[in-house]
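Summary of the model geometry
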Amino acid sequence: MKALEVKNLSFKYLIGKEKVFENLSLSINKGELVAIIGRNGSGKTTLCNLLRGFIPHLTQGDLEGDILLYDDSILKMDLSDLSDKIGYIFQNPFIQISGIKETVYEEIGFGLENLGVPRDEMIRRIEEIIKLLKIEDLKDKHPAELSGGQRQRVAIASILAMDPEILIIDEPTSQLDPKGTEEIFEIIKILKEQNKTIILVEHKIDLIAEYADRVILLNDKNIVFDGTTSEILSKEDVMSYGTNLPQIAKLGIEYNNKVEKLSKIPSVLEEAVEVFKDKV
Amino acid sequence: MNGIKIDNVVFNYPNGFCAIDDVSLEITKGEKIAIIGQNGAGKTTFVKMMNNLLRPTEGTITVDGIDLKELTTAQISKKVGYVFQNPGDQLFNRTVYDEIAYNPRYNKLEESKVKELVEDAAELCGITQYLKSNPYDLPFGLRKFVTIACVIAMGSEYIILDEPTAGQDLDGLVLQSKIIDELIKRNKTVIIITHDMEFVIDNFDRIVVMANKKIVADSTKKEIFWDFEILDKASLKQPYISKLAHDLKMKNYIIDIEGFIAEVKNK
Ligand SMILES: Nc1ncnc2c1ncn2[C@@H]1O[C@H](COP(=O)(O)OP(=O)(O)OP(=O)(O)O)[C@@H](O)[C@H]1O
Ligand SMILES: Nc1ncnc2c1ncn2[C@@H]1O[C@H](COP(=O)(O)OP(=O)(O)O)[C@@H](O)[C@H]1O
Ligand SMILES: [Mg+2]
Ligand SMILES: [Mg+2]
């Protein structure tokens, strides 16, 4: 079943000189974990905003084509109906924090309050999410007195607490340490197992290689590659679009080009172990 | 004595929270050094003390032999420049040009000299075409380059970059490597905080690891990325190439593609 569908979309910001997208089409199935990659400025965040309805509801522009959330046009839906179904984690954790709550605990409850969730249920969900994100030690801190990475975790927690069926996550780990980053990916994996539809923008390509089902590469107003993760992330071409390849794939390509031909370019660790185990 | 010398520094935030607990470190003039480690370890707090944005609760910091307590804000910016983790904490002018020109103008330099400094810094940071833009109209990744340019134009001898790699694409990372090389060529000292292990491996040799208010290691990248105890303590991970070498039970200390291929060829 299609969860989201973009049909022949062209878009230009009101103050923009050039179109961001031209005739872009794409569909995302329910339960899929899709990574969107591409150089900065390629339109990843704009696409997220369109899928969430922030464009055109809050930010206007010239838009052609249509975007469907399960068969209903997002362009015609109410933003509040959309926020029940789609959770959005912003790219910049420094702006996601509400700025009006005194503790991390209340901050996480903020979205739930707005959704009108009953108090008992609210407490249960906050406690659960605090545990899931391992931020027990932060719950009494003031949101403005957090380190960059701590803020990012809290921003993620406050969205996950609302338990949306579709999640749009824009660079969720940019401020996180390596272990924290892996933990977020593990949480994303759990959400996927709950059959949530997840759209993830991320530069940490090694982790995309491990976790995503599908990769979409944006460049020059449209999609250049759309396919399974292992197919896309073993292509040398990807680097010419300003995005990195996983270290493992880079190693495979380098070895393939300079030492001997490989039957397959690996993109994750287990594949690389297979490829190299007879060579060392 | 040249360099930054940090002696037994403690830092408590006004709410009483201790973020740095008895830390010492020496940084040699002209070197480049990466500070890595877990979220909340105290990295930002630590480096902010190196340019007086925060004052140590206890201990002393000297820069080229001068106690930081004796320097005014204007004097300190000549010595140590800090690029904020969040560009929003640093940017407040209406155009990128004015933003980069702010410190040189504050120091009452001739407008022609200011222009020269702004153009040089903008060029190095790849933002020449945005000089007339409002910094807030630029995407996050580019805004970071504006803040880097500001500190370059200040002419500080020690340059601290707090997570410049966050949210950068491949081109952005390549440009940052270039900037670091150029700064070292200009005899600057570069101190960087980053969570990007591959970037660390490509650009740095000396690595300082922080965890839980302290420095837990200060060594070469080869040592650090094969020290599982330290990695675990500081919430770090081995780089993927090291993980592969580890899984394949290859000789220790492989940390990059070059090293891996050389080792395979050796067989
Ligand atoms: N203004 C503040 N008041 C009180 N505590 C603070 C303040 N700023 C930071 N802290 C606390 O000090 C500790 C260290 O924070 P710091 O920002 O130095 O960490 P960091 O190592 O830079 O982390 P990150 O990698 O997440 O940026 C954290 O526990 C944080 O919650
Ligand atoms: N609010 C806005 N108004 C005008 N132009 C914008 C706005 N947001 C983004 N853009 C422009 O749209 C293009 C795509 O940006 P963005 O979606 O942020 O890309 P990415 O997330 O891939 O870095 C860029 O050229 C950017 O400058
Ligand atoms: Mg973006
Ligand atoms: Mg920090």
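Everything discussed here concerns the structure shown above.
The rules we used
Residues numbered from 1 in each chain as written. Chains lettered and ligands numbered in written order. Predicted model: local features only at pLDDT ≥ 70, side-chain atom pairs only at ≥ 80, totals over all residues. Heavy atoms only, no water. Salt bridge = Lys/Arg side-chain N within 4 Å of Asp/Glu carboxyl O. Helix = DSSP H or I, 4+ residues; strand = E, 2+ residues; numbered from the N terminus. Buried < 20%, exposed > 50% of the residue type's maximum accessible area, 1.4 Å probe, protein only. Pairing = 2+ DSSP bridges. Axes fitted to C-alpha atoms, helices over the stretch in contact; angles between N-to-C directions. Contact = heavy atoms within 4.5 Å. Near = heavy atom within 4 Å. Polar contact = N/O pair within 3.5 Å; in protein donor to acceptor, adjacent residues only side chain to side chain. Areas by Shrake-Rupley, 256 points an atom, 1.4 Å probe, with all protein chains shown as cover. Nonpolar A, V, L, I, M, F, W, Y, C, P; charged D, E, K, R; others polar.

With that out of the way, let us pick up the pattern of salt bridges. Residue and element names in this part refer to chain A. A full pass over the atoms with the stated rule returns 39 salt bridges over all chains. Its salt-bridge partner being arginine 125, residue glutamate 121 comes within 2.9 Å of it at the nearest N-O pair. Of this pair, glutamate 121 and arginine 125 both sit in helix α6 (residues 119–132), four residues apart, roughly one helical turn. A salt bridge links glutamate 274 to lysine 277; the shortest N-O distance between them is 2.9 Å. With a relative accessible area of 42%, lysine 277 lands in the partly exposed category.

What follows concerns the sheet that holds strand β9 (residues 206–211) of chain B. All names here are of chain B. Taken together, six strands build an open sheet; the order of strands is β6-β7-β8-β3-β9-β10 and the sheet is mixed. Looking at the sheet topology across the chains shown, the edges are occupied by β6 (80–83) and β10 (214–220). Averaged over all pairs of adjacent strands, the angle between strand axes in this sheet comes to 20 degrees, irrespective of strand direction. Direction of pairing for β9 relative to β10: antiparallel, over a ladder of six bridges. Within β10, the residue paired with isoleucine 207 across the bridge is serine 219. Contacts from helix α5 (residues 140–154) reach β6 and β7 (158–162) within the one sheet, and its direction differs from that of β6 by about 175 degrees. Sheet strands in contact with helix α6 (residues 170–185) are β3 (32–37), β7 and β8 (189–193), and its direction is about 150 degrees off that of β8.

As a further point, take the site of ligand 2. Residues and elements named next belong to chain A. Close contacts around ligand 2 come from Tyr13, Ile15, Val20, Arg39, Asn40, Gly41, Ser42, Gly43, Lys44, Thr45 and Thr46, and that covers them all. For ligand 2, a nitrogen atom lies 3.3 Å from a polar atom in the side chain of tyrosine 13. A distance of 2.4 Å is found between an oxygen atom of ligand 2 and a side-chain nitrogen or oxygen belonging to threonine 46. About the coverage of ligand 2: the protein hides 68% of its 560 Å² of free accessible area. Among the elements that take part in the shell around ligand 2, helix α1 (residues 44–52) stands out by supplying three residues, more than any other. For the shell around ligand 2, the per-class residue count stands at three nonpolar, six polar and two charged.

Here we come to the pairing of strand β9 (residues 214–219) of chain A. All names here are of chain A. Counting buried positions over the six residues of β9 gives six, a clear majority of the element. Side chains Arg214, Ile216 and Leu218 of β9 all project onto a buried face; the interleaved residues Val215, Leu217 and Asn219 project onto the opposite face, where all are buried too. The pairing of strand β3 (residues 33–37) with β9 spans four bridges and is parallel. Bridged to alanine 35 within β9 is valine 215.

It is worth spelling out unusual backbone geometry at this point. Cis geometry marks the peptide bond from isoleucine 55 of chain A to proline 56 of chain A, where omega comes out at 5 degrees. Its place among the elements puts proline 56 of chain A in helix α2 (residues 54–57). Of note in the backbone geometry, asparagine 195 of chain A takes a positive phi value of approximately 65 degrees without being a glycine. For asparagine 195 of chain A, the position within the fold is in the loop between α8 (178–193) and β8 (197–201). Unlike most non-glycine residues, asparagine 8 of chain B shows phi in positive territory, near 45 degrees. Relative to the helices and strands, asparagine 8 of chain B resides in strand β1 (residues 4–12). In this structure asparagine 8 of chain B comes out as partly exposed when scored by relative accessible area, which is 44%.

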